[in-house]
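Letter by letter, the chains look like this.
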Amino acid sequence: MSTISDNINELKSQIPKNVKLVAVSKTHPIVDIIDAYNAGQVHFGENKAQELSSKHEELKKDDIKWHFIGHLQTNKVKYIIPFIELIHSVDSLKLLTEINRQSAINNRITNCLLQFHIATEETKFGFNISELTEMMNSQEFKDLKNVCICGVMGMASFTEDVDLIRSEFRGLKEIFDTIKEKYFLKNDSFCELSMGMSSDWNIAIEEGSTIIRVGSIIFGNRNYNSN
Ligand SMILES: *Cc1c(COP(=O)(O)O)cnc(C)c1O
């Protein structure tokens, strides 16, 4: 049986050096995170604010970089702002405004990605281009001083159809390029394209991903019932 550290080393041997690997540890226990950490993994992803803040507190490892990847409610923002490395899932100006407010309270600038809706499923959160345009042109957005927009994130459809997955990733790369050119041309911080999970990370990298978020092929299947 392969171990968590085997899985990490195997994956790292297959991904280019310039692509960041976020190990998605949601629902998995602290001991599994420590196994991955001892194998050299430093970026971890969680999708629930309270689970993330309690794991952060319990682990007490300052060199772990925590990524928030799930839908974030505005009333939970305060729990993660003191320590978060990157929030991948900003999907509204309201959320971004609260991240900015809590970041100011904590005297920091928080790195954020704008999540785009690229999948065919209705349920996935994220901006579309017209919502994005409206936000970018608003004075409220221009006044935010404690957030740094570092790029975009998206999730492909849950399907076996690799052509569909590839075209959705390609679409997200085009969105990234368009936004970069229109709003962030002189801003080196806008450089991250977060796409790719256990089942599609290799397609995502071929289409230009700079950050993959991988859970099950590192930690095994998630058992939501036991949580
Ligand atoms: C759970 C999750 C992942 C990881 O999914 P796997 O299929 O287990 O790799 C990646 N991104 C997001 C947003 C997630 O919620």
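Let me begin by describing the structure that accompanies this report.

What counts and how
- Residues numbered from 1 in each chain as written.
- Predicted model: local features only at pLDDT ≥ 70, side-chain atom pairs only at ≥ 80, totals over all residues.
- Heavy atoms only, no water.
- Helix = DSSP H or I, 4+ residues; strand = E, 2+ residues; numbered from the N terminus.
- Buried < 20%, exposed > 50% of the residue type's maximum accessible area, 1.4 Å probe, protein only.
- 1 Å grid on protein atoms, 1.4 Å probe; cavity = no way out; pocket = protein on both sides within 12 Å on 5 of 7 lines; lining within 4 Å.
- Points joined across faces, edges and corners; volume = space filled by probe spheres on them.
- Nonpolar A, V, L, I, M, F, W, Y, C, P; charged D, E, K, R; others polar.
- Polar contact = N/O pair within 3.5 Å; in protein donor to acceptor, adjacent residues only side chain to side chain.
- Contact = heavy atoms within 4.5 Å.

**So, unusual backbone geometry**
Thinking step 1. Here the phi dihedral of Thr27 falls at roughly 70°; this positive angle occurs in a residue that is not glycine.
Thinking step 2. Relative to the helices and strands, Thr27 resides in the loop between β1 (20-24) and α2 (30-38).
Thinking step 3. Overall, the relative accessible area of 14% leaves Thr27 in the buried class.
Thinking step 4. In this model, Lys60 sits at a positive phi of 50°, which is unusual for a non-glycine residue.

**Structural notes on the layout of surface pockets**
Thinking step 1. If you add up the space inside the largest pocket, you get close to 800 Å³.
Thinking step 2. Forming the boundary of the largest pocket are 35 residues, of which Lys26, Asn47, Ile69, Met155 and Met197 lie nearest the centre.
Thinking step 3. Elements with a minimum of two residues in the lining of the largest pocket: α3 (49-59) and β8 (211-214).
Thinking step 4. When its residues are assigned to classes, the lining of the largest pocket shows 13 nonpolar, 13 polar and nine charged.
Thinking step 5. By volume, the second largest pocket amounts to about 180 Å³.
Thinking step 6. Looking at the second largest pocket, the residues that line it are Lys12, Ile15, Pro16, Lys17, Val19, Lys20, Leu21, Gly40, Gln41, Val42 and His43.
Thinking step 7. Residue composition of the lining of the second largest pocket, by class: five nonpolar, three polar and three charged.

**What about the side chain of Asp200?**
Thinking step 1. With respect to the element layout, Asp200 can be found in the loop between β7 (192-194) and α9 (201-206).
Thinking step 2. In this structure the side chain of Asp200 is engaged in a polar contact, spanning 2.6 Å, whose partner is the backbone nitrogen of Met197.
Thinking step 3. When residues no more than four places from it in sequence are discounted, the contact partners of Asp200 are Ala156, Ile165 and Phe169.

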